[in-house]
Amino acid sequence: MADAALFEFLHTEMVAELGAHHSDPGPGVSAGVWGEKVGSGGGQKMSLSVLEGMGFRVGQALGERLPQETLAFREELDILKFLCRDLWVAVFQKQMDSLRTNHQGTYVLQDNSFPLLIRMASGLQYLEEAPKFLAFTCGLLRGTLCILGIKSLVTASVASLPTCKFQVVIQKT
Amino acid sequence: MSRPAHRRPEYHKINKDLFVLTYGALVAQLCKDYEKDEDVNKYLDKMGYGIGTRLVEDFLARSCVRRCHSYSEITDIIAQVAFKMYLGITPSVTCNNSSRTEFSLILDKNPLVEFVEELPAGRSSLSYCNLLCGIIRGALEMVHLAADVTFLQDRLKGDRVTEIGITFLRKLDEKKYRRKK
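Residues numbered from 1 in each chain as written. Chains lettered and ligands numbered in written order. Predicted model: local features only at pLDDT ≥ 70, side-chain atom pairs only at ≥ 80, totals over all residues. Heavy atoms only, no water.

- Under an unreviewed UniProt entry, the name given to chain B is Trafficking protein particle complex subunit, and the organism recorded is Odobenus rosmarus divergens.
- Its UniProt record, at the heading Subunit (unreviewed entry), says of chain B: "Homodimer. Component of the multisubunit TRAPP (transport protein particle) complex, which includes at least TRAPPC2, TRAPPC2L, TRAPPC3, TRAPPC3L, TRAPPC4, TRAPPC5, TRAPPC8, TRAPPC9, TRAPPC10, TRAPPC11 and TRAPPC12."
- In its Sequence similarities (unreviewed entry) section, the UniProt entry covering chain B states "Belongs to the TRAPP small subunits family. BET3 subfamily." (UniProt positions renumbered as here; feature names shortened; annotations may be inferred.)

- Named according to an unreviewed UniProt entry, chain A is Trafficking protein particle complex subunit 6A originating from Odobenus rosmarus divergens.
- The heading Subunit (unreviewed entry) in the UniProt record of chain A holds the text "Part of the multisubunit transport protein particle (TRAPP) complex. Heterodimer with TRAPPC3. The heterodimer TRAPPC3-TRAPPC6A interacts with TRAPPC2L. Interacts with TRAPPC2L."
- What UniProt states about chain A under its Sequence similarities (unreviewed entry) heading is, verbatim, "Belongs to the TRAPP small subunits family. BET3 subfamily."

**So, unusual backbone geometry**
For step 1, the next point in the chain: Along the chain, Leu161 of chain A connects to Pro162 of chain A via a cis peptide bond; the corresponding omega equals -10°.
For step 2, the next point in the chain: At Cys64 of chain B, a residue that is not glycine, the phi angle is positive and equals roughly 50°.
For step 3, the next point in the chain: Looking at where Cys64 of chain B falls in the secondary structure, it is placed in the loop between α2 (37–63) and α3 (71–87). (Helix = DSSP H or I, 4+ residues; strand = E, 2+ residues; numbered from the N terminus.)

**Brief notes about the pattern of salt bridges**
Residue and element names in this part refer to chain A.
For step 1, the next point in the chain: Enumeration over the complete set of coordinates arrives at 13 salt bridges over all chains.
For step 2, the next point in the chain: One salt bridge in this structure joins Asp111 and Lys94, with 2.6 Å as the shortest N-O distance. Within this pair, whereas Asp111 is found in strand β4 (residues 106–111), its partner Lys94 is found in the loop between α3 (76–92) and β3 (98–101), the two being separated by 17 residues in sequence.
For step 3, the next point in the chain: Looking at Asp111, the relative accessible area reads 0%, which means it is buried.
For step 4, the next point in the chain: The closest approach of N and O atoms between Glu129 and Lys132, which form a salt bridge, is 3.3 Å.
For step 5, the next point in the chain: Overall, the relative accessible area of 32% leaves Glu129 in the partly exposed class.
For step 6, the next point in the chain: On the basis of relative accessible area, Lys132 is assigned to the buried category, the value being 19%.
For step 7, the next point in the chain: Overlapping salt bridges, with partners in common, bring together Lys94, Asp97 and Asp111 in one network. (Salt bridge = Lys/Arg side-chain N within 4 Å of Asp/Glu carboxyl O. Buried < 20%, exposed > 50% of the residue type's maximum accessible area, 1.4 Å probe, protein only.)

As structure tokens, this is what we get:
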């Protein structure tokens, strides 16, 4: 669908540009978003947090536009199932392939062919690049969860392209 | 039988909104990174250029347009096929000079600014949609056409309409581009 293509092109360009752009932290050492020291080695972290932050704001905005019935969820698990089915279909035209939980606030969402990784060769070749392509989506999940009343930390990992796992850890306030 | 989830109207809107919202987040981030409006504009144009060089392949694969014989035809296709396909709008086209190398696309509706009421404070020279200019320029370059693409009018700046000007320069690599018989 053409709309999805436009988002994918924009996302790819953002990863390429913001990644390169933010990897030079400038003179001196400054504090990153999570208080980490950002020096020459921290450049990568800074650009990932910029992408994640943008994803977070977009996730919040999307969350505010969800149909009314989604706001009536009672259980945390229902919300995660909603993310895996409805949100993922709305955003990526497919459902998440699996959802696992330890029933203690940690969820692992697995996508076996994540659309934003599909264009990269499959297998292990571009593994190093993969985190840059996942940062925005981690933020997106975190932002939507925020609007649905859940504070979380979302990280992603790739063992082999284009399969990736999103780990959602609920933060108890 | 209920409709499959991705065809439900509210989810279609989420998909459209995703691009528009992401674009808004990008502009906001660039405004943080650059103090001067012209730097943000340049950066948006540069990113658009990168997107355009790749988007043109996607466009040609989806649209099966036939070979064009004039700048006028090309501009019509940009307005009536490409804009329609990717943004769901059809700008009107006007030709601005007798040698038929300068054109304008008049955007009546603009989905990119759906959630933008006015330019941010202190950003009166920001060309909010400058990504579009870069996209058009990059796409044209991939089919061996050099063009200047810029916003001539912008509703967000108080103009009556939003107008993109396309000025075709020369064909790139003209010797190489001559059709082989």
